[in-house]
Amino acid sequence: MEIKIQYLEEMVLAIKRNLGLRAFLTGQVYNEEIMIKQLENAASVFSERNRMEDSEPFIEKIYLFNLNGESICHLYYPITVAEHDAFEKKYHRMYIDFLEGKEEFYFQVEKDHINLCLYLYDENMENLGVCIFVLNRTGIENNYRNLEEMGSYAWSIKTGDRVILEKSNLLLKERKSLLESSFRTGFGLTFTVAISEFVILSSLWTSVLITLFTAIILIIVLSF
């Protein structure tokens, strides 16, 4: 996940540095088809780096809004004209809601997606526009499948005190003896993983038994 968030940060930088997209963001006259190509080149959702372990995309859609409220988009999955119009209205409402709020980064969690809204700034910290990334929630959750196979676990993704995603099957007694790891990434996100010490010790016990058995055999052989 840390690698995916880093990739997302690089996408934001590539969008801001693209001179063609700068012309669009500042509200100058533009050709929509050309601008969409510029967005695809600057932040391609078809890159191998955008794939999760199950080959699902991490970023499914990118909507870019300029200072005039006009938008262009780059999509991973093809959609119909009717779907395109519906999505355009949906994300325009989200764009308006984001402008009315005071958050630097806004996360909206849906059944299958996590929408990330953020401002784009130039070198002088002047607002260029707003970008909305539609992240694949299912792909993110599947990223923790190996952890869940271990038995007792807990994981969460937070921004400040707000929980974006979390899952746990820890019993109350196991919460007192956890091995926990957290790291912070861009966009104000904190990722946390916790596993019961019992799970770790159980997985190590097999190795310990094999080592002891091997040591005993060696001692016997060396004695003879």
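Reading guide: rules and limits
Counting of residues starts from 1 at the beginning of each chain's written sequence and follows it residue by residue. Where local features are concerned, this predicted model is filtered to residues with pLDDT of at least 70; where side-chain atom pairs are given and counted, the filter is 80 or more; whole-chain, interface and lining totals use all residues. Excluding hydrogens and water, the side-chain values take into account all heavy atoms of the structure. The patches reported here contain residues having more than 30% relative accessible area and no salt bridge. Joining distances are 9 Å for like charges and 5 Å for nonpolar side chains (Val, Leu, Ile, Met, Phe, Trp, Tyr). Methods summary: accessible areas were calculated by the Shrake-Rupley approach with a probe of 1.4 Å, and residue burial reflects only the protein chains presented. Here, a salt bridge means any Lys or Arg side-chain nitrogen found within 4 Å of an Asp or Glu carboxyl oxygen. Here Asp and Glu are counted as negative and Lys and Arg as positive; His is not counted, and neither are the chain ends. By convention, charge coordinates are those of NZ in Lys, CZ in Arg, CG in Asp, or CD in Glu. Only DSSP runs of H or I reaching four residues or more are called helices, and only runs of E reaching two or more are called strands; each is numbered from the N terminus. Buried means the residue's accessible area, taken with a 1.4 Å probe over protein chains only, is under 20% of the maximum for its type, while exposed means over 50%, and partly exposed covers the values in between. By definition here, a helix of n residues has an expected span of 1.5 Å times n minus one. Note that the arc is computed from the directions linking the helix axis to the C-beta atoms. Stacked, edge-to-face and tilted are the three classes for Phe, Tyr and Trp ring pairs, Trp counted by its six-membered ring, which pair at centre distances within 6.5 Å; planes under 30 degrees apart are stacked, over 60 edge-to-face, the rest tilted. Whenever a nitrogen or oxygen atom comes within 3.5 Å of another N or O atom, the pair is scored as a polar contact, on the condition that within protein one atom can donate a hydrogen and the other can accept it, and that pairs from neighbouring residues in sequence are kept only if both atoms are in side chains. At least two bridges found by DSSP between two strands are what make those strands a pair.

Where do I start with a negative patch on the surface in this structure?
Taken together, the side chains of Glu32, Glu33, Asp85 and Glu88 make up a negatively charged region of the molecular surface. Mapped by element, the contributors of at least two residues to the negative patch are α3 (32-42) and α4 (81-100). For Glu33, the location among the structural elements is in helix α3. The exposure class assigned to Glu33 is exposed, which follows from its relative accessible area of 61%.

What is the right way to look at the side chain of Ser71 in this model?
With respect to the helices, strands and loops of the structure, Ser71 is situated in strand β2 (residues 71-75). Using a relative accessible area of 14% as the deciding quantity, one classes Ser71 as buried.

Please clarify how a nonpolar patch on the surface should be interpreted in this entry.
On the surface, Phe213, Ile216, Ile217, Ile220, Val221 and Phe224 cluster together into a nonpolar patch covering about 690 Å² of accessible area. Structurally, the position occupied by Ile220 is in helix α7 (residues 197-223). A relative accessible area of 41% places Ile220 in the partly exposed class.

What am I meant to see in α4 here?
Think of an α-helix as 3.6 residues a turn; residues three or four steps apart then line up on the same face. With 20 residues, α4 extends 29 Å between its outermost C-alpha atoms, agreeing within 8% with the 28 Å of an ideal straight helix rising 1.5 Å per residue. All buried positions along α4 are accounted for by Tyr91, Met94, Tyr95 and Phe98. Taken end-on, α4 shows its buried residues confined to a sector of 105°, consistent with a single buried face. Away from its buried face by more than 90 degrees, α4 exposes Ala82, Lys89, Arg93 and Glu100.

Sorry if this is basic, but what is going on with unusual backbone geometry here?
Glycine aside, negative phi is the norm for most residues, and most peptide bonds take the trans geometry. In this model, Met125 sits at a positive phi of 65°, which is unusual for a non-glycine residue. Secondary-structure assignment places Met125 in the loop between β4 (113-121) and β5 (127-136). Notably, Phe187 is not glycine yet its phi reads approximately 65°, a positive angle. Residue placement: Phe187 occurs in the loop between β8 (178-184) and β9 (189-196).

Explain the pattern of salt bridges to me, please; I cannot follow it from the model alone.
When the charged atoms of two side chains lie near each other, side chains of opposite charge can form a pair. Applying the stated rule across the entire model yields 6 salt bridges. A salt bridge links Lys37 to Glu40; the nearest nitrogen and oxygen atoms lie 3.9 Å apart. One end of the pair, Lys37, and the other, Glu40, are both in helix α3, 3 residues apart, so they sit about a helical turn from each other.

Could you clarify how one ought to interpret the packing of aromatic side chains in this entry?
Each aromatic ring pair is described using two quantities: the centre-to-centre distance and the angle formed by the ring planes. This structure, assessed with the given rule, holds 10 aromatic pairs. Relative to Phe187, the ring of Phe105 lies with its centre 5.5 Å away and its plane at 85°, an arrangement referred to as edge-to-face. Pair noted here: Phe105 is in strand β3 (residues 105-109) and Phe187 is in the loop between β8 and β9, with a separation of 82 residues, a long-range link. Judged by relative accessible area, Phe187 falls into the buried class, the value being 9%.

For this particular structure, what's the right way to read the side chain of Asn18?
Within the secondary structure, Asn18 is located in the loop between α1 (2-17) and α2 (19-25). A polar atom in the side chain of Asn18 sits 3.1 Å from the side chain of Gln38.

Looking at this structure, how should I read the pairing of β9?
Remember that side chains alternate between the two faces of the sheet whenever the strand is regular. By the criterion of burial, β9 is predominantly enclosed, with 6 of the 8 residues buried. One ladder, built from 7 bridges, connects strand β6 (residues 153-159) with β9; its direction is antiparallel. Its bridge partner lying in β9, Tyr153 is registered against Ile195. Summarising the sheet, β8 and β9 pair through 7 bridges and their orientation is antiparallel. Within β9, the residue paired with Leu178 across the bridge is Ser196. Hairpin geometry of β8 and β9 is characterised by an intervening segment of 4 residues between the two adjacent antiparallel strands and by a positive phi of about 65° at Phe187.

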